[in-house]
Amino acid sequence: MNTPTFADAGIRDVVFGADVRIVRPVNLYGCRIGDGTFVGPFVEIQRGATVGKRCKIQSHAFICDLVTIGDDCFIGHGVMFVNDTFASGGPAGGDRTKWRSTSIGDRVSIGSNATILPVKIAAGAVIGAGAVVTRDVQVAGIYAGNPARLIRPLPLPRES
């Protein structure tokens, strides 16, 4: 009978801002999490990811390396970020030179089970539940579908 190799999930080498709240179990390693941010259970945030201030990261979200999330963002349940587009026909196999980055502006809301490929999402955008974002979101608005499309523009909220 074979015995598997076990690795433990947990919290390692994370730079936390003030007043961060975490609901365990989580798998956070080598990332940065800003002041006043909430991270729900069963979330993984990988090395090299950055989450801004006052964000809410709901349960079962996956935030991979090369993802930067701005301030005051909402990341819904089960949101998946992707950094490997299989551009060479298959997985990059850990070759970071083949990975691409994602940048999320301030005050962005992403609905449950959305998939975010390597893109830039403008401040104030709303991404609908289940959307698949395959291209940059350049203006604040409501986006939905697969691939995600602009449903209607939104005015940018005034900063306080």
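Criteria and cut-off values
Residues numbered from 1 in each chain as written. Predicted model: local features only at pLDDT ≥ 70, side-chain atom pairs only at ≥ 80, totals over all residues. Heavy atoms only, no water. Helix = DSSP H or I, 4+ residues; strand = E, 2+ residues; numbered from the N terminus. Buried < 20%, exposed > 50% of the residue type's maximum accessible area, 1.4 Å probe, protein only. Disulfide = S-S within 2.5 Å. Salt bridge = Lys/Arg side-chain N within 4 Å of Asp/Glu carboxyl O. Pairing = 2+ DSSP bridges.

## What about unusual backbone geometry?
Thought 1: Look at the link from Arg24 to Pro25: it is a cis peptide, with omega at 5°.
Thought 2: The residue Pro25 is located in the loop between strand S3 (21–22) and strand S4 (27–29) in this model.
Thought 3: Following Asn146, the chain continues to Pro147 via a peptide bond in cis, the omega torsion being 0°.
Thought 4: Positive phi values are uncommon outside glycine, yet Asp13 reaches one of about 55°.
Thought 5: Within the secondary structure, Asp13 is located in the loop between strand S1 (11–12) and strand S2 (15–16).
Thought 6: A relative accessible area of 60% means that Asp13 is categorised as exposed.
Thought 7: Positive phi, close to 65°, is recorded for Phe42, a residue that is not glycine.

## Examining the state of the cysteines
Thought 1: For the structure shown, the criterion picks out 0 disulfides.
Thought 2: Looking at the unpaired Cys31, the closest cysteine sulfur is the one in Cys64, lying at 12 Å.
Thought 3: Of the residues examined, Cys31 reaches a relative accessible area of 1% and is grouped as buried.

## Thoughts on the pattern of salt bridges
Thought 1: Tallied over the full model, the rule gives 2 salt bridges.
Thought 2: Note that Asp72 is salt-bridged to Arg54, the shortest N-O span being 2.8 Å. One end of the pair, Asp72, is in the loop between strand S11 (67–69) and strand S12 (74–75); the other, Arg54, is in the loop between strand S8 (50–51) and strand S9 (56–57), with 18 residues separating them in the sequence.
Thought 3: The exposure class of Asp72 is partly exposed, given its relative accessible area of 33%.
Thought 4: For the salt bridge of Arg96 with Asp65, the shortest nitrogen-to-oxygen distance reads 2.7 Å. Taken together, the residues Arg96 in the loop between strand S13 (80–81) and strand S14 (102–104) and Asp65 in the loop between strand S10 (62–63) and S11 connect sequence positions 31 residues apart.

## Re the sheet that holds strand S17 (residues 120–121)
Thought 1: Overall, parallel pairing links the 6 strands, which are arranged S2-S5-S8-S11-S14-S17 in an open sheet. Each edge of the open sheet carries a strand with a single partner, namely S2 and S17.
Thought 2: Of the pairings in the sheet, the one linking S11 to S14 comprises 3 bridges and is parallel in character. By the bridge assignment for S14, Val67 is matched with Thr102.

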